[in-house]
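# Tertiary structure, described
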Amino acid sequence: MRIDLLNLFPEMFAGAFEHSIIKRACQKGLLQIALTDIRDYATDKHRSVDDRPYGGGSGMVMMCGPVFDAIEDIARQDGPVDEVILLTPQGRPFDQQTAKELAQKQRIVLIAGHYEGFDERIREHLPTKEISIGDYVLSGGEIPAMVVVDAVTRLIPGVLGDEYSSVEESFSESLLEYPHYTRPAEFRGWTVPEILLSGNHQEIKKWRQEQAHKRTHRRRPDLLEDKKDVED
Ligand code: ADE
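This write-up is about the structure you can find in this document. (Residues numbered from 1 in each chain as written. Predicted model: local features only at pLDDT ≥ 70, side-chain atom pairs only at ≥ 80, totals over all residues. Heavy atoms only, no water.)

Our next topic: the sheet that holds strand S8 (residues 129-132). Here five strands make up an open sheet; going across it, the order is S2-S1-S6-S5-S8 and the pairing parallel. One side of each edge strand has no neighbouring strand; the edge strands of this open sheet are strand S2 (32-37) and S8. Strand after strand, the sheet turns through a mean of 30° between neighbouring axes, direction not considered. Bridge count for strand S1 (residues 2-7) against strand S6 (residues 107-111) is five bridges, and the pairing is parallel. Its bridge partner lying in S6, Ile-3 is registered against Ile-108. Against the sheet, helix H4 (residues 96-103) makes contact with strand S5 (83-93), S6 and S8, and its axis sits at roughly 175° relative to S5, the strand it touches most. (Pairing = 2+ DSSP bridges. Helix = DSSP H or I, 4+ residues; strand = E, 2+ residues; numbered from the N terminus. Axes fitted to C-alpha atoms, helices over the stretch in contact; angles between N-to-C directions. Contact = heavy atoms within 4.5 Å.)

Let's shift gears to the site of the ligand. Near the ligand you find Leu-87, Thr-88, Pro-89, Ile-131, Ser-132, Ile-133, Gly-134, Tyr-136, Val-137, Leu-138, Gly-140 and Pro-144, and these make up its full shell. Take Thr-88: an N or O atom from its main chain is 3.2 Å from a nitrogen atom of the ligand. When the ligand sits alone it has 260 Å² of accessible area, and the protein chains cover 96% of it. Where the shell around the ligand is concerned, the elements lending two or more residues are S5 and S8. Element by element, the count of residues in the shell around the ligand is highest for S5, at three residues. A breakdown of the residues in the shell around the ligand according to their chemical character gives eight nonpolar, four polar and no charged. (Near = heavy atom within 4 Å. Polar contact = N/O pair within 3.5 Å; in protein donor to acceptor, adjacent residues only side chain to side chain. Areas by Shrake-Rupley, 256 points an atom, 1.4 Å probe, with all protein chains shown as cover. Nonpolar A, V, L, I, M, F, W, Y, C, P; charged D, E, K, R; others polar.)

In structure tokens:
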């Protein structure tokens with residue numbers, strides 16, 4: 001899979017993508033990340049990518065020209081793009097289902113803006129999807145883009161090794177994950193549930209399912225409602 005990231009601060013991504021699972025996915029050839037600096041498509045000597053809003057008001061607005069030119073250029077260079085995704089607090093809330101769908105694609109483009117927002121014509125005519133990572137406003141789309149890349153990468157077939165599994169983790173069945181424990185069996189007087197030391201795999205599986213349900217019921221009953229809607 002290839003992920004193109006259009007952004008204004010390419011250096012912000014270096015640390016995030018040079019470790020752990022994303023790094024491994026790139027090394028295995030399962031993921032290719034291409035960073036494009038939108039400023040490279042500015043046309044004036046100041047390399048401007050933003051301007052004051054028509055009608056007045058505070059903040060600056062991302063201009064159409066550099067963003068359209070950047071997208072059209074990268075699509076021309078390296079073949080078809082399956083999805084163009086704009087990161088914005090106004091987008092659809094990002095969830096595991098969307099991550100799964102994106103992980104099936106060959107090539108996606110993420111647009112991470114900055115400043116007050118995008119010229120509305122970018123929103124109207126470029127993206128196939130708008131995604132928000134939550135109901136709060138960040139200073140730019142870079143961190144949301146990292147969140148999307150991370151969540152999608154671990155779902156690309158072959159990325160997670162045997163030591164990890166995306167099948168049993170939180171949200172994969174619209175349930176939160178059951179509790180995990182590792183050695184020691186007792187720490188500061190707190191013990192590991194007996195069942196996990198029993199070696200009875202069937203009972204352990206049952207206990208984990210129960211725990212996942214209980215935890216979801218207590219913490220995120222909305223997920224159980226959503227699950228019911230899907231099953232009905
Ligand atoms: N840009 C700024 N805030 C954002 C958010 N919550 N989600 C996606 N992109 C954003």
